Amino acid sequence: MPDRVTPPRPENGSPVAVAGRYTWAMEHDAGPGRRVLAGPGGTAADVLAALSGADLTTVQLEIARRRAARLAGPDVLRRHRTDRFAAPSPLPLALLRRVEDIVLGTATGFDLVTLSPLVPLGTHSAVAGVAQHRVVPTGRGTEVAADSTTGLALEAAVRRSSEDVVRLATVQRVVRAQQVPAGLFAHFSLFGAVTAGRDSGDLAFERQHLAEHARLMAAACQALGASAVELGVTVLDPRFEGLLDTVPDVPVRPFPDREGGRGGYYEGLCFKVYASFGGELAEVGDGGFTPWTQKLLGNAKERLLTSALGVDRLVTLLPG
């Protein structure tokens with residue numbers, strides 16, 4: 001369920017490419033961000049971005065050391081109280097763990113993996129097309145995971161060299177940097193699943209594994225007590241029309257007006273997952289076909305299907 005909004009890009013396709021003295025970020029920031037990026041002579045961001053990975057890490061770690069050296073215990077506590085990235089979840093841990101265990105228990109046929117909380121820098125932007133400013137970077141050439149399915153896609157690409165079809169699933173706490181509405185937190189748990197393989201012709205891979213993911217999402221919600229589960233399906237390629245007609249046990253409705261996920265994030269077909277726990281149907285998940293393993297492996301024949309459920313979202317919908 002990652003963020004689908006990608007900012008407009010300059011002609012060479014890079015949101016941070018230099019255009020004259022300014023980067024994309026500088027051109028679209030009229031506030032203090034523009035002043036900071038410009039620096040002396042308008043080159044501070046350009047100089048830092050041009051450093052090698054090792055040199056940039058050295059600079060970032062030294063900056064962090066100096067800034068941390070100026071802090072005392074009360075300063076850290078004050079930040080903990082006010083920083084949305086650091087605040088603990090208000091949801092009961094025992095309930096979150098129970099829901100995580102239940103949904104993982106439905107992933108029959110998927111290899112369960114424990115992902116790192118970090119992924120390589122550029123995973124979300126270069127591979128998934130998510131705006132870089134919507135993820136949290138670190139000082140060591142990595143970024144904090146913002147979506148469990150991107151980490152699973154990386155591992156699936158590694159395993160594809162020795163396995164014809166790779167099925168992976170996990171629960172992961174992720175962090176997203178964009179502002180969220182009141183009552184929501186910057187970090188939350190996602191139950192994610194991916195299936196990676198090779199194009200076998202006539203949409204055979206897509207048909208088989210889309211049915212598997214549809215049933216997995218439905219089974220996970222039903223295991224938690226959902227009285228109804230439904231998929232809102234958006235067809236992005238006419239060839240994918242009717243691809244879920246062979247899954248009569250999962251209700252499907254067309255969702256042609258969906259906006260998020262278009263323009264390169266998903267391809268072919270994507271869907272929203274809706275579930276009812278005694279009330280109205282509510283959105284609890286998302287999924288679809290992505291080109292991520294094609295990008296990672298440099299092979300247009302690679303296929304990847306992803307799906308995910310918001311664990312925290314499910315917890316808030318459970319009765320009592």
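As the structure is a prediction and not an experimental result, all values here were calculated from the model. Each chain carries its own residue numbering, running from 1 in the written order of its sequence. Where local features are concerned, this predicted model is filtered to residues with pLDDT of at least 70; where side-chain atom pairs are given and counted, the filter is 80 or more; whole-chain, interface and lining totals use all residues. Each side-chain value is derived from all of the structure's non-hydrogen atoms; neither hydrogens nor water enter the calculation.

**Q** Before we go on, may I ask you to explain the overall build of the chain in this structure?
**A** A tally of regular secondary structure across the chain gives 11 helices and 12 strands. Across the 320 residues of the chain, 43% fall into the buried class. Every residue pair with non-hydrogen atoms within 4.5 Å of one another is taken to be in contact. In the chain, the share of contacts with a sequence separation of at least 24, taken over all contacts with a separation of at least 6, comes to 67%. Total accessible area on the chain is roughly 16,200 Å²; 57% of this is exposed by carbon and sulfur atoms. Going along the chain from the N terminus, every DSSP run of H or I of four or more residues is numbered as a helix, and every run of E of two or more is numbered as a strand. The cut-offs for exposure are 20% and 50% of the maximum accessible area for each residue type, with area from a 1.4 Å probe on protein chains only; residues under the lower value are buried, those over the upper are exposed, and the others partly exposed. Surface accessibility follows the Shrake-Rupley procedure with a 1.4 Å probe radius. Residue values consider only the protein chains on display as shielding.

**Q** Looking at this structure, I do not really get the environment of Ala226. What am I missing?
**A** Within the element layout of this structure, Ala226 appears in the loop between α9 (204-223) and β8 (228-235). Residues Ala226 and Ala275, spaced 49 residues apart in sequence, show a C-alpha to C-alpha distance of 6.2 Å. Among residues more than four places away in sequence, those in contact with Ala226 are Cys221, Ala275, Ser276 and Phe277.

**Q** In this structure, what is going on with the confidence of the model for the chain? I would like to understand it.
**A** Atomic detail in the predicted coordinates should be set aside for any region of low pLDDT. Here pLDDT means the predictor's own confidence in every residue, given as a number from 0 to 100. Put simply, the chain has an average pLDDT of 86, and 86% of its residues get 70 or more. Scored below 50 in pLDDT, residues 1-30 shows 63 contacts in the model against residues more than four places distant or in partner chains.

**Q** Quick question: what am I supposed to make of the environment of Asp312 here?
**A** Relative to the helices and strands, Asp312 is located in helix α11 (residues 311-317). When the C-alpha atoms of Asp312 and Leu190 are compared, they prove to be 7.8 Å apart, with 122 residues separating the residues in sequence. A 3.5 Å cut-off defines polar contacts: any pair of N or O atoms within that distance qualifies, except that in protein one atom must be a possible hydrogen donor and the other a possible acceptor, and neighbouring residues in sequence count only when both atoms are side-chain atoms. Here Ser189 takes part through its backbone nitrogen, which lies 2.9 Å from a polar atom of the side chain of Asp312.

**Q** Mind showing me how you'd approach the sheet that holds strand β9 (residues 252-254) here?
**A** Hydrogen bonds between backbone groups are what pair the strands of a sheet, and the pairing can be parallel or antiparallel. The pairing criterion is simple: DSSP has to find at least two bridges between the two strands. Strand order in the open sheet formed by 8 strands is β3-β6-β7-β12-β11-β10-β8-β9, and the pairing between neighbours is mixed. Strands at the two margins of the open sheet, each flanked by one partner only, are β3 (111-112) and β9. Pairing analysis gives 6 bridges linking strand β11 (residues 282-290) to strand β12 (residues 302-310), with the strands arranged antiparallel. Counted as the bridge partner of Gly285 is Leu309 from β12. Between N-to-C directions, angles span 0 to 180 degrees; the directions come from axes that are lines fitted to C-alpha atoms, helices contributing only their stretch in contact. Together, β3, β6 (166-175) and β7 (187-198) form the strand contacts of helix α6 (residues 93-104), whose direction differs from that of β6 by roughly 165°. Docked against the sheet, helix α8 (residues 148-159) engages β3, β6, β7 and β12, running at close to 30° with respect to β7.

**Q** Mind showing me how you'd approach the pairing of β11 here?
**A** Looking along a regular strand, one sees the side chains alternate between the two faces of the sheet. For β11, the tally of buried residues reaches 8 of 9 residues, placing the bulk of the element in the interior. Where strand β10 (residues 269-276) and β11 come together, 6 bridges link them in antiparallel fashion. Of the residues in β11, the one forming a bridge with Ala275 is Ala282. Connecting the antiparallel pair β10 and β11 is a turn made up of 5 residues, with Gly278 showing a positive phi of about 110°.

**Q** Could you clarify how one ought to interpret the pairing of β7 in this entry?
**A** Of all 12 residues in β7, 11 are buried, a share of seventy percent or more. As paired elements, β6 and β7 share 10 bridges and run antiparallel to each other. Bridging across to β7, Val171 finds its partner in Phe191. In this structure, β7 lies alongside β12, joined through 9 bridges in antiparallel fashion. Bridge assignment links Arg198 to a residue of β12, and that residue is Glu302.

**Q** Explanation requested: a nonpolar patch on the surface in the structure shown.
**A** Residues Leu48, Val59 and Ile63 make up a contiguous nonpolar surface patch of roughly 220 Å² in combined accessible area. Within the secondary structure, Ile63 is located in helix α4 (residues 53-69). Patch definition: residues above 30% relative accessible area lacking any salt bridge, with like charges linked at up to 9 Å and the nonpolar side chains Val, Leu, Ile, Met, Phe, Trp and Tyr linked at up to 5 Å. Every case where a carboxyl oxygen of Asp or Glu lies within 4 Å of a side-chain nitrogen of Lys or Arg is listed as a salt bridge.

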